[in-house]
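Chain by chain, the residues run as shown.
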Amino acid sequence: MSAAQIEDPFGLPAGGLLFIGIGGMGMAPLAGWMQQSGYPILGYDDDLQQPVRAFLESTGVQLKDFLLADQLDGVATVVYSSAINEKHPLYLAAQKAGKLLLRRGELLARIAQTKSLIAVVGSHGKTTTTGMMAHLIKGIGLDVGYILGGFFSDAALPPCAVAESDWLVAEVDESDGTIDLFFPEQSIVLNIDWDHSDRYTSRAHLEEAFVGLVARTSGCVFVPEAGNLKARLMGETGAEVKTFGVGGDFAAEFLEDGRVALSGAFQDLTLRSLPPGRFNQTNGLAALASIASFAPEFACDALCGFSGIARRQTVLRQDDALLVVEDYAHHPAEVFELLRSLRAQEPEKRLVVVFQPHRYSRTKQFKAELAASLSLANAVYLLPVYAAHEPVIEGGRIEDLQAAFGGRSPEILEMNSAAASKLYNEVQREPTLLAFVGAGDIEIFCRVVDVWIHTKGDVDLSFVEYMQARISTDCVLKQAEPLAKKTTLRVGGEARFFAEPGNLSDLKALLRGAKLFGFRYFCMGRGSNLVVPDEGFDGLVIRFTGEAWRQIDYLGDGRFWVAAGARLKEVCGQAAKVGLAGFEFLEGIPGAVGGSLRMNAGAMGSWIFDVVERVLLLDADGQVQDLPKSAFHFGYRKVEEISRGVAIGAILKSPDHAAERSVRECMDSYSKVRKASQPRDPSAGCIFKNPDGNYAGKLIDEHGIKGMRVGAAEVSAVHGNFIVNRGGATATDVIELVRQVRAAVEAKSGYVLEPEVLLVGKTWDEVLSDNGVDESKI
């Protein structure tokens, strides 16, 4: 072990820490706490939600929108979430480089070894209880730190705090087994309901983990009086075990007016109230009992101002006729207590529940119990199982849960605008309490339904309202945006929606939003090699103009990382500066990296895939893929895999070295050839693909088609394979001219020319026909 490791209180090697999956609810607060403790934190998450990003940036964490396996210099320790598997490129790179690899719970355990830890544990309620304790700590002014496994509903409240004392409150997770690494000063055990059957094969197996933690607790253990937990957990522990609740050591009596009388080990006091629901009452008393060991006196409104935890009985909308809430409950015991509490709060309203199961293993294990708990509702809708990292398990699919209801079978919904519309109509019938319940990505869908209700089913307004809450301040989002001036041909109509994402998270949010609302999307770079129809594009157009999308980083060894919005001309310039040859042909391609990768763009007899080493791709499922060149089927003007997704960047490589002057001379010579052989008027570049054994421009020239014109669109006199805009051309003019040139070439030579440029929102087959050519225009 190095001296740096010995000196570090957490046993970490000298150097920075990289958090992979930093956007996770448990990862972000831990990263923020480490940053505030003086550790330089680098964070990467390919799906970072905007509120989490804002918190991390406020702590000083450095976030990377793109992070490659080649960019781990300076990182000594890699912390990863349970959502990151061991095949993740960054995990593999860190492992190969000999970095210290720690799961979230493993790092937290190292921190806890240097602290007087108050561990909050249980099958459910950990985050809420820790949040209540943090609320009390701040209200009383205690010098106690905390690390939550989630975020407060009030985004202004931080989910972590560093203290000068050694005391630290943190929730300890049992799901990944890291609970076995902790030796607390105090433990709060809220409940032990069997869960995580992928790790714990029986109730007894799970209970062993909690018994072990209690045995390792050096001070007091707090447990509810109800449920016989004290007897189940005592074992051979020498810890002092205190109970809380009705009849407990920390006694509480619930009065008819909603107040709570504390006595016993508490100072005698009547609280105004506790948050509603049996679990919340348990959580609140647990928090009060633990904090009483530091500050025995409380104000009567100690927990009245508790803002709650995000996604825990969060009220999204409320009026006399409708209450919309979301909750993280995913275990049948949680679901039962939640629905019972909601019914008690709003007994006059019809209870409609939308439920998303979390993991196939849990669904298989608890489908009967989940069906029984959900049957408390008047109507139930089911969403597909949120898989997390699991493969499909037989018996754990959404259809299996549906079948467990027996005769009263709930309807399965997809997450889309049709489902949102259905739920909107459902809540119009009578006073309704609409609850979205589950721990997966149901929170995305519930926001769609919420804005759908708010806008009374106006699709466009719903989309804009939904997106504005999920994109960064660096993201541009507009409606009815003219596209003509954003293209090199200068023709075309409006985009129904137009966006310029500020980062990768914005892009993923935009694509997810388009899918949820049923909009097509089109990604454009610098607007070359495409024609926008005059009627525009009835969907979302995405353009990569932000700073993050223009990155060009030299990685050494002849390799560049280039993001999707980087200009190919700028790549040439950067290559010249470092003395690399082989990229000069890119100077003749007017577009950006993303579009060039999609079409395998070329010039001067070379193609961009000639210099591609790897491509970072957002696939059709919205997952980031880091793929080698060999994974792609590329050919003339098409790359199959990229056409089904979005290229977000690439590593380009050339083994050739040359003096900067020599490289620039080559670039200049290519530039002169291009300028001499291509028109200066606005165009989309070469309009047709070269047919096998011939050249489109040569055929057009040989058969006297240069100069053919429709409106202000004209076949260039400089190069026959260019259609230029002579001023005021429309897309209709261009499309008709394409049709006539194509017909003329076929009539005179037998060759059928296929358009090379993209027709935004349509296919050329849709607009071209076999109509004969008007010979008078030749």
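Residues numbered from 1 in each chain as written. Predicted model: local features only at pLDDT ≥ 70, side-chain atom pairs only at ≥ 80, totals over all residues. Heavy atoms only, no water.

Undergrad: Explain the overall build of the chain to me, please; I cannot follow it from the model alone.
TA: Check the secondary structure of the chain and you find 23 helices and 40 strands. If one aligns the C-alpha atoms of the chain with their principal axes, the spans along those axes are about 100 × 70 × 45 Å. Evaluated residue by residue, the chain yields a buried proportion of 57% over its 778 residues. In the chain, of all internal contacts separated by at least 6 residues, the share reaching a separation of at least 24 is 67%. (Helix = DSSP H or I, 4+ residues; strand = E, 2+ residues; numbered from the N terminus. Buried < 20%, exposed > 50% of the residue type's maximum accessible area, 1.4 Å probe, protein only. Contact = heavy atoms within 4.5 Å.)

Undergrad: Looking at this structure, how should I read the pattern of salt bridges?
TA: One side chain can pair with another of opposite charge once the charged atoms of both are near each other. A complete count under the given rule lists 36 salt bridges for this structure. Measuring nitrogen to oxygen at the nearest pair gives 2.8 Å for the salt bridge that ties D70 to R559. One end of the pair, D70, is in the loop between β3 (62-64) and β4 (75-80); the other, R559, is in strand β28 (residues 559-563), and 489 residues separate them in sequence. Note on D70: relative accessible area 36%, which makes it partly exposed. Of the charged contacts, one joins R742 and E754 as a salt bridge, the two residues approaching to 3.3 Å between their closest N and O atoms. Taken together, the residues R742 in helix α22 (residues 731-749) and E754 in the loop between α22 and β40 (758-759) connect sequence positions 12 residues apart. Accessibility expressed as a relative area gives 14% for R742, which makes it buried. Classification of E754 as partly exposed rests on a relative accessible area of 37%. Because the salt bridges share partners, they merge into one network encompassing D70, D557, R559, E613 and K653. (Salt bridge = Lys/Arg side-chain N within 4 Å of Asp/Glu carboxyl O.)

Undergrad: Where do I start with the sheet that holds strand β6 (residues 116-121) in this structure?
TA: Pairing is mixed across the open sheet formed by 10 strands, whose spatial order is β8-β7-β9-β6-β10-β11-β12-β13-β14-β15. Of all strands in the sheet, those with a lone pairing partner are β8 (160-161) and β15 (269-271), marking the two edges. Of the pairings in the sheet, the one linking β6 to strand β10 (residues 186-189) comprises four bridges and is parallel in character. By the bridge assignment, I118 is partnered in β10 with Q186. (Pairing = 2+ DSSP bridges.)

Undergrad: Looking at this structure, I do not really get the sheet that holds strand β31 (residues 612-618). What am I missing?
TA: Whenever strands of a sheet pair, they do so through backbone hydrogen bonds, lying parallel or antiparallel. One open sheet accounts for five strands, arranged β27-β28-β35-β31-β32; its pairing is antiparallel. Taken across any chain shown, the strands that pair with only one partner, and hence form the sheet edges, are β27 (552-556) and β32 (624-628). Ignoring which end each strand starts from, the neighbouring axes of this sheet average 20 degrees apart. For β28 and strand β35 (residues 646-653), the ladder comprises five bridges, and the chain directions are antiparallel. If you follow V562 over to β35, its bridge partner there is A650. Strands β31, β32 and β35 of the sheet are contacted by helix α16 (residues 504-517), whose axis makes an angle of about 145 degrees with β35. (Axes fitted to C-alpha atoms, helices over the stretch in contact; angles between N-to-C directions.)

Undergrad: Sorry, what's going on with the environment of V241 here?
TA: Checked against the element boundaries, V241 lands in strand β12 (residues 240-245). Expressed as a C-alpha distance, the spacing of V241 and D557, which sit 316 residues apart in the sequence, is 62 Å.

Undergrad: Could you clarify how one ought to interpret helix α7 (residues 203-215) in this entry?
TA: An α-helical turn contains 3.6 residues, so any two residues separated by three or four positions project in the same direction. Taking 1.5 Å as the rise per residue, α7 with 13 residues should run 18 Å; its terminal C-alpha atoms sit 18 Å apart, in good agreement. Of the positions making up α7, those classed as buried are L206, E207, A209, F210, G212, L213 and V214. (Expected span 1.5 Å × (residues − 1).)

Undergrad: Quick question: what am I supposed to make of the packing of aromatic side chains here?
TA: We describe a pair of aromatic rings using the distance from one ring centre to the other and the angle between the two ring planes. Going through the model one piece at a time under the given rule, you end up with 21 aromatic pairs. Geometrically, the ring pair formed by F10 and W33 is tilted, given 6.3 Å between the ring centres and 40 degrees between the ring planes. Of this pair, F10 sits in the loop between α1 (3-7) and β1 (16-20) while W33 sits in helix α2 (residues 27-36), and the two are 23 residues apart along the sequence. In this pair, the class of F10 matches that of W33, namely buried. Both rings, one in Y554 and one in F560, keep their centres 4.9 Å apart while their planes meet at 50 degrees; by these two values the pair is tilted. Overall, Y554 belongs to the partly exposed group, its relative accessible area being 35%. Of the residues examined, F560 reaches a relative accessible area of 1% and is grouped as buried. Over the ring of F183 we find R216, and its NZ or CZ is 5.4 Å from the ring centre. A cation over a ring is seen here: K486 above F498, with NZ or CZ 4.6 Å from the ring centre. (Phe/Tyr/Trp six-rings, centres within 6.5 Å; stacked < 30°, edge-to-face > 60°. Lys NZ or Arg CZ within 6 Å of the ring centre and 35° of its normal.)

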